Protein chains: 2
Amino acid sequence: MPDTMTFQTKCHACPLRKKQAFRPFEDKELNFVAKFKTGELKVEAGSTIVLEENKTPHLYTILEGWAFRHKSLPDGRRHVLNFALPGDLVGLQLAILNEMQHTVTALTDTTLCVFQRDKVWTVFKDYPALAYSMTWMASREEQMLDGHLLSLGQRSALERLAYLFLHLHDRAEAVGYASNHTFDAPFTQTHLAEALGITPVHTSRTVKKLQQQNLINWKKDRLQILNREKLEAIAAYERDDTTRRPLI
Amino acid sequence: MPDTMTFQTKCHACPLRKKQAFRPFEDKELNFVAKFKTGELKVEAGSTIVLEENKTPHLYTILEGWAFRHKSLPDGRRHVLNFALPGDLVGLQLAILNEMQHTVTALTDTTLCVFQRDKVWTVFKDYPALAYSMTWMASREEQMLDGHLLSLGQRSALERLAYLFLHLHDRAEAVGYASNHTFDAPFTQTHLAEALGITPVHTSRTVKKLQQQNLINWKKDRLQILNREKLEAIAAYERDDTTRRPLI
DNA sequence: CGGACTGTTGATCGGTATCAATGCTCGTGG
DNA sequence: CCACGAGCATTGATACCGATCAACAGTCCG
């Protein structure tokens, strides 16, 4: 459940903006974003941010924390479509298509910047660089989904897991959530299972296999990549382009 | 291999534009699109339109025909990410991210409208309504991929096939490629297998099962949905919103 | 302390893969 | 016009990856 609505982080002093991973902003755009932002939303781990069918009037950027997008079949089978990290937009599909076909849930306590959805058109009309950034992010999400589809369609369970670990590590690293090949792993094996399309039981066995081969080390919410080379070989993973990305 | 470069269809007289499925255009936008379009590309069935790694300077809209997006692992395993039909943009990821991580191949003889990629920024700067349309299409593609991910992750082979048939039928219908619950099926069972993440052998058996239950009829490149209700029940499929969509 | 959730392990089952042979269709060239 | 070959589809036999079922262990928290 949504919580307090405070406004603590000024866009001009945004801690995310300082990170290497993100592109610097023109003043004009930054000033607009500062106005575009109407508040901050802090939610607890486990709470729903955007619900399928529920047309909240907001668009968000994750400022801090992990979330995940998911989608279910009527009988309850649930799939984790992707994870979301700081800098990722939440609710863009809703803002553009006026329809949401998935749910977004916080994995950790999460802070989000809140934008008014009805100003998206203003963005396109008056701030083309920002609009371009939004489209950039939509395209990048599409690219990640392409990767996950390839994974689910063609890779074995072990390969999928290796791929997902590398994928998550690299994304966490890009926003400063990793160091020394290690990152906070706020997800459960059940989350992984739902992302990989396998059962939790088999996930457990598969994780164990990677650990026994000394490829990873996962203890107490910290996951370490021990042998990146071998993991990459198993997964046929290639590190993504690390050119700087936009931030809204 | 790309073929002749002709220019036969004027945007103002675009046959696609007349279809119910698409939103009407403002004159200003239409005039620009007409200028934006630099030609037409006709390719034969089986030829590559956009190749991974290969930075062609073009962005396309499919004017006529079927294509498919796909992506492979180094060892050759290939996955069909999605199919593309008239009105669909090809190469948007390339235009926006400046990088393509998949290939697009023509399934039938296909005609494409060719746009200059380097004018995409002009679109955002001067034609916000068009830019919005592009983003709309990117978001819709993302939505479809979400659906396919749910399918691959959670549905059985039979359910996936039922889902894909309905999905393809409805998309074909929207652009006038279906009538009487029947549409041209230019794909092979191997294509389906690659989209569903199962083997061609198992695809054959699964298709057979749907036919024996009199749910579909697939003969000589024509696929008919015989019992939509039961298919929808098997697939847990819901027809997509049919509000009119943009066209570029 | 108790309960809820998460993860582990073992036994068994089943859906889909794999291997292999055959059939079908269609375009091509003799 | 027929023979042929290349893809594609079908069918059967068998193998295996991951699902399911079940019991139990660990951890956290009220």
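- Taking an unreviewed UniProt entry as the reference, chain A is identified by name as Crp/Fnr family transcriptional regulator belonging to Roseibium sediminicola.

1. A few points about the protein's contact with DNA strand C
Move 1: In the vicinity of DNA strand C there are 15 residues, among which Gln189(A), Ser204(A), Arg205(A), Lys208(A) and Thr199(B) approach most closely.
Move 2: Counting only atoms of DNA strand C within 4 Å of the protein, the fraction found in sugar and phosphate groups is 66%.
Move 3: Separating a phosphate oxygen of DNA strand C from a backbone N or O atom of Thr190(A) is a distance of 3.5 Å.
Move 4: Between DNA strand C and Ala157(B) there is a distance of 3.1 Å, counted from a phosphate oxygen to a backbone nitrogen or oxygen.
Move 5: Among the secondary structure elements, those contributing two or more residues to the surface near DNA strand C are helix H6 (189–196) and helix H7 (200–212) of chain A together with helix H7 (200–212) of chain B.
Move 6: Of the residues contributing to the surface near DNA strand C, the split by class is 4 nonpolar, 8 polar and 3 charged.

2. Notes on the relation of the copies chain B and chain A
Move 1: Of the transformation placing chain B onto chain A, the axial shift is 0.0 Å and the rotation is 180°, giving an RMSD of 0.0 Å. The operation mapping one copy onto its partner corresponds to a two-fold rotation axis.

3. Section: the interface of chain B and chain A
Move 1: Every contact between the two is made by 49 residues of chain B and, on the other side, 49 residues of chain A.
Move 2: A combined buried area of about 4600 Å² lies between chain B and chain A, and 64% of that area is made up of carbon and sulfur atoms.
Move 3: When residues of chain B are sorted by the area they lose upon contact with chain A, Tyr132(B), Leu149(B) and Gln154(B) head the list and together hold 15% of the total.
Move 4: Linking chain B to chain A there are 4 salt bridges.

4. Some details on the protein's contact with DNA strand D
Move 1: Lining the immediate environment of DNA strand D, one finds 15 residues, of which Ala157(A), Thr199(A), Gln189(B), Ser204(B) and Lys208(B) sit closest.
Move 2: Here, DNA strand D places atoms within 4 Å of the protein, and 65% of those atoms are sugar or phosphate.
Move 3: A distance of 2.9 Å separates a phosphate oxygen of DNA strand D from a polar atom in the side chain of Lys208(B).
Move 4: Those elements that provide at least two residues to the surface near DNA strand D are H7 of chain A together with helix H6 (189–196) and H7 of chain B.
Move 5: It is H7(B) that provides the largest number of residues to the surface near DNA strand D, a total of 4 residues.
Move 6: Looking at the surface near DNA strand D residue by residue, the class counts come to 4 nonpolar, 8 polar and 3 charged.

5. Describing the pairing of strand S2 (residues 37–43) of chain A
Residues and elements named next belong to chain A.
Move 1: The element S2 is extensively covered by neighbouring structure, given that 5 of its 7 residues are classed as buried.
Move 2: Pairing of S2 with strand S9 (residues 110–116), which is carried by 6 bridges, proceeds in the antiparallel orientation. Residue pairing for S9: Lys 42 is matched across the bridge by Thr 111.

6. Things to note about the packing of helix H5 (residues 157–174) of chain A against helix H8 (residues 228–235) of chain A
All names here are of chain A.
Move 1: Taken N-terminus to C-terminus, the directions of H5 and H8 make an angle of 125°; their axes are 8 Å apart at the nearest point. As far as their axial angle goes, H8 and H5 are oblique. In this structure, H5 meets H8 at a crossing whose hand is left-handed. Where H5 abuts H8, its residues Leu 158, Glu 159, Ala 162, Tyr 163, Leu 166, His 169 and Asp 170 lie against Arg 228, Leu 231, Glu 232, Ile 234 and Ala 235.
Move 2: Looking at the contact of H5 with H8 residue by residue, the class counts come to 7 nonpolar, 1 polar and 4 charged.

Conventions we followed
- Residues numbered from 1 in each chain as written.
- Chains lettered and ligands numbered in written order.
- Predicted model: local features only at pLDDT ≥ 70, side-chain atom pairs only at ≥ 80, totals over all residues.
- Heavy atoms only, no water.
- Near = heavy atom within 4 Å.
- Polar contact = N/O pair within 3.5 Å; in protein donor to acceptor, adjacent residues only side chain to side chain.
- Helix = DSSP H or I, 4+ residues; strand = E, 2+ residues; numbered from the N terminus.
- Nonpolar A, V, L, I, M, F, W, Y, C, P; charged D, E, K, R; others polar.
- Least-squares fit on C-alpha atoms with pLDDT ≥ 70 in both.
- Contact = heavy atoms within 4.5 Å.
- Buried area = accessible area lost by both parts, 1.4 Å probe.
- Salt bridge = Lys/Arg side-chain N within 4 Å of Asp/Glu carboxyl O.
- Buried < 20%, exposed > 50% of the residue type's maximum accessible area, 1.4 Å probe, protein only.
- Pairing = 2+ DSSP bridges.
- Axes fitted to C-alpha atoms, helices over the stretch in contact; angles between N-to-C directions.
- Parallel < 35°, antiparallel > 145°, perpendicular 65-115°, else oblique.
- Left-handed = near helix turned anticlockwise from the far one by under 90°.

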